[in-house]
Amino acid sequence: DTAVSQTPKYLVTQMGNDKSIKCEQNLGHDTMYWYKQDSKKFLKIMFSYNNKELIINETVPNRFSPKSPDKAHLNLHINSLELGDSAVYFCASSQEGQTNEKLFFGSGTQLSVL
Amino acid sequence: GNSVTQMEGPVTLSEEAFLTINCTYTATGYPSLFWYVQYPGEGLQLLLKATKADDKGSNKGFEATYRKETTSFHLEKGSVQVSDSAVYFCARGAFGGKLTFGQGTILTVHP
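In this report, we go over the structure that sits alongside the text.

The rules behind the values
Residues numbered from 1 in each chain as written. Chains lettered and ligands numbered in written order. Predicted model: local features only at pLDDT ≥ 70, side-chain atom pairs only at ≥ 80, totals over all residues. Heavy atoms only, no water. Pairing = 2+ DSSP bridges. Helix = DSSP H or I, 4+ residues; strand = E, 2+ residues; numbered from the N terminus. Axes fitted to C-alpha atoms, helices over the stretch in contact; angles between N-to-C directions. Buried < 20%, exposed > 50% of the residue type's maximum accessible area, 1.4 Å probe, protein only.

A few words on the sheet that holds strand β8 (residues 75-78) of chain A. Residue and element names in this part refer to chain A. The strand order β1-β3-β8-β7 describes an open sheet built from 4 strands, whose pairing is antiparallel. Strands at the two margins of the open sheet, each flanked by one partner only, are β1 (4-7) and β7 (64-67). Averaged over all pairs of adjacent strands, the angle between strand axes in this sheet comes to 15°, irrespective of strand direction. The pairing of β1 with strand β3 (residues 19-25) spans 4 bridges and is classified as antiparallel.

All names here are of chain B. Taking burial as the measure, the 8 residues of strand β10 (residues 86-93) include 8 buried ones, the bulk of the element. Covered by surrounding structure in β10 are A86, Y88, C90 and R92 together with V87, F89, A91 and G93, the residues of both alternating faces. Pairing of strand β5 (residues 33-38) with β10 involves 6 bridges; the strand directions are antiparallel. Residue pairing in the sheet places Y36 in a bridge with F89 of β10. With 3 bridges joining them, β10 and strand β11 (residues 99-101) adopt antiparallel strand pairing. When the sheet's bridge partners are listed, G93 is paired in β11 with L99. Where β10 folds back onto β11 in an antiparallel hairpin, the turn is made up of 5 residues, including G96, whose phi is positive at roughly 75°.

Our focus in this paragraph is the pairing of strand β2 (residues 11-14) of chain B. Every regular strand shows the same layout, with side chains that alternate between the two sheet faces. Residue and element names in this part refer to chain B. In β2, alternate side chains face the same way, and those of V11 and L13 are buried while those of T12 and S14 on the opposite face are not. Of the strand pairs in this sheet, β2 and strand β12 (residues 105-110) are connected by 4 bridges, and their pairing is parallel. Paired with L13 across the bridge in β12 is V109.

Structure representation (structure tokens):
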């Protein structure tokens, strides 16, 4: 069983559309994250949630709205997609959200905005 | 602010060569330090970590030592294999379990 799974793996869409990426973890972790990886492989955190509560919101445009219906799920909705949103988006989870914890990553969603 | 700086890549080596990828960090206090590896088409996986000064993390022949005096956490392996070809990320832990990553170093190992 995949520990952190995200869907879809590939997403190709037009500018201006609205899209969602889903993430689920079956590890029983309390904390989940969204990271964005750009074309140069640079990774930056976007959001984190702990037990459905928003903990980190790292100056992301408000077109991006995370939603955590329960602690095992953290979905990412993106409104009015722009060319610059093209990237690979990674979901991750950790046990409690402590600074010394290992993060478990999903395999990524490659978003291409045309 | 808190940041992580990694050696620029790409790095290309022959099999059995010695590998070093440099990593330095800036931070207040003593953050936990990590190396993650990303194989093609996959998410990141933890390679090793160290949570306090002078700790050595090790896994799969890779090692890194937390050096407080030089604020460094360099990754080393004595003899690389073709299967080690991947992107390597140094990272430091922060509030809420957030990781601040270096820019990543692409490693290619040739037979």
